[in-house]
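Secondary and tertiary structure notes
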Amino acid sequence: MPASLSAEHISHTFRTPAGTVPALRDVTFTVEAGRLACVVGPSGCGKSTLLRVLAGLLKPDAGRVLLNGAPVEGPNHQIGIVFQKANLMPWRTVMQNLTLPLELDGVPAEKRRARAEALIDLVGLGGFTDAYPGELSGGMAQRVAMARALIYAPEVLLLDEPFGALDAMTRERLGVELLRIWEAERRTVVMVTHSIAEALFLGDHVMVMGQRPGHIVRWLDVPLPRPRSLDVIHSPAFGQLSAQVRAAIEA
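The paragraphs below set out a description of the structure included in this document. Here, residues in each chain are numbered from 1, in the same order as that chain's written sequence. Residue-level local features of this predicted model are given only where pLDDT is at least 70; pairs of side-chain atoms are given and counted only at 80 or more, and the full residue set underlies all totals for whole chains, interfaces and linings. Excluding hydrogens and water, the side-chain values take into account all heavy atoms of the structure.

Looking now at the overall build of the protein. Every helix listed is a DSSP run of H or I at least four residues long, and every strand listed is a run of E at least two residues long, numbered separately from the N terminus. Assigned secondary structure in the protein consists of seven helices and ten strands. On the principal axes, the C-alpha backbone points of the protein span a range of 50 × 45 × 35 Å. We call two residues in contact when some of their heavy atoms are within 4.5 Å. In the protein, 70% of the contacts between residues at least 6 apart in sequence involve partners at least 24 apart. Note on areas: these come from Shrake-Rupley sampling with a 1.4 Å probe, and a residue is covered only by the protein chains present in the view. As displayed, the protein has an accessible area near 11,700 Å², and 54% of this comes from carbon and sulfur atoms. His is not counted, nor are the chain ends, whereas Lys and Arg count as positive and Asp and Glu as negative. To locate a charge, the coordinates of NZ of Lys, CZ of Arg, CG of Asp or CD of Glu are taken. Measuring between centres, the 25 positive side-chain charges of the protein sit 3 Å from its 25 negative side-chain charges.

Here's what the structure looks like:
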């Protein structure tokens, strides 16, 4: 089941030999269970840092993250994450890459394979079970990464620019696929993207972050009806929303 995800007054500063770098300042928001929120903002404003804090991979200097009201104090199976690079092991097949987390946890082989096969079907990779990463396109590799993040059936899925390295057409297709997967699984999703159009097409909400240290300058609810097709991008309502987001980023 999906869960609500909250950030309460998150602040973080990186300390380096050259000095301190403030990354986040007093970030507070809640994404309700089963909703999809996108995060946009200028480069270097702390979007990826925020996602690592939400995932429990980075402990903030101040504030806390709550999953259904319970503190997130480190990585756990209820929060899946997908990065910009698929990071698949090249010597393992699609099936072997997917089942590795379960294998390390000692899950029996039959159960591992059954779960992986269901996810391979979900992300549209039927017929590629025994393919190696070198035989996959960039978009297909990201589908495998998405399936791997879902292997434990997490309540929350965090996406850090998962389509950022792909060409425009593939990016659009995978955006449509992400909506299909989200509608089938109804996980709570937080996705970082540089694309205003992608954020509005996918999201129930768009969170705009300001220049470093990252802080929220605008929280925009997206009233576009679902299900959505790419045609909505050309609608006047979409254009108006896009202008609002762009103005918030540039302010």
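Picking up after the structure, the text goes on.
Further remarks concern helix α1 (residues 47-54). Within α1, six of the eight residues are buried, which leaves it mostly tucked inside the rest of the structure. Relative accessible area decides the class of each residue, using a 1.4 Å probe on protein chains only: under 20% of the type maximum gives buried, over 50% gives exposed, and in between gives partly exposed. Of all the positions in α1, only Lys 47, Thr 49, Leu 50, Leu 51, Val 53 and Leu 54 are classed as buried. In the segment just after α1, Gly 56 is the residue with positive phi, at about 80°.

Moving on to the side chain of Glu 161. With respect to the secondary-structure elements, Glu 161 resides in the loop between β7 (156-160) and α5 (168-185). One buried charged residue, Glu 161, forms no salt bridge at all, with the nearest opposite charge on Arg 171 at 5.5 Å. Contacts described as polar in this section are N or O atom pairs within 3.5 Å, which, within protein, must combine one atom able to donate a hydrogen with one able to accept it, while residues neighboring in sequence count only if both atoms come from side chains. Among the polar contacts listed, one links the side chain of Glu 161 to the side chain of His 194, at a separation of 2.7 Å. What Glu 161 contacts, discounting residues up to four positions off in sequence, is Gln 84, Val 192, Thr 193 and His 194. Salt bridge, as applied in this entry: a Lys or Arg side-chain nitrogen positioned within 4 Å of an Asp or Glu carboxyl oxygen.

Glancing now at the packing of aromatic side chains. Each pair of aromatic rings taken from Phe, Tyr and Trp, with Trp reduced to its six-membered ring, is defined by centres within 6.5 Å and is described as stacked if the planes are under 30 degrees apart, edge-to-face if over 60, and tilted in the remaining cases. This model, assessed by the stated rule, comprises one aromatic pair. Distance and angle both matter: a charge sits over a ring if NZ of Lys or CZ of Arg is within 6 Å of the ring centre and within 35 degrees of the ring normal. Its end group placed over the ring of Trp 182, Arg 186 keeps NZ or CZ at 4.0 Å from the ring centre.

For the rest of this paragraph, the subject is the sheet that holds strand β5 (residues 70-71). Two strands qualify as a pair provided that DSSP identifies no fewer than 2 bridges between them. The strand order β2-β1-β4-β5 describes an open sheet built from four strands, whose pairing is antiparallel. For this open sheet the edge positions go to β2 (19-31) and β5, each flanked by a neighbour on one side alone. With nine bridges joining them, strand β1 (residues 5-16) and β2 adopt antiparallel strand pairing. By the bridge assignment, Thr 13 is partnered in β2 with Pro 22. Between the N-to-C directions of two axes lies an angle of 0 to 180 degrees, each axis being a line fitted to C-alpha atoms and, for a helix, fitted only over the stretch in contact. Set on the sheet, α1 makes contact with β1, β2 and β4 (62-67); between it and β2 the angle comes to about 65°.

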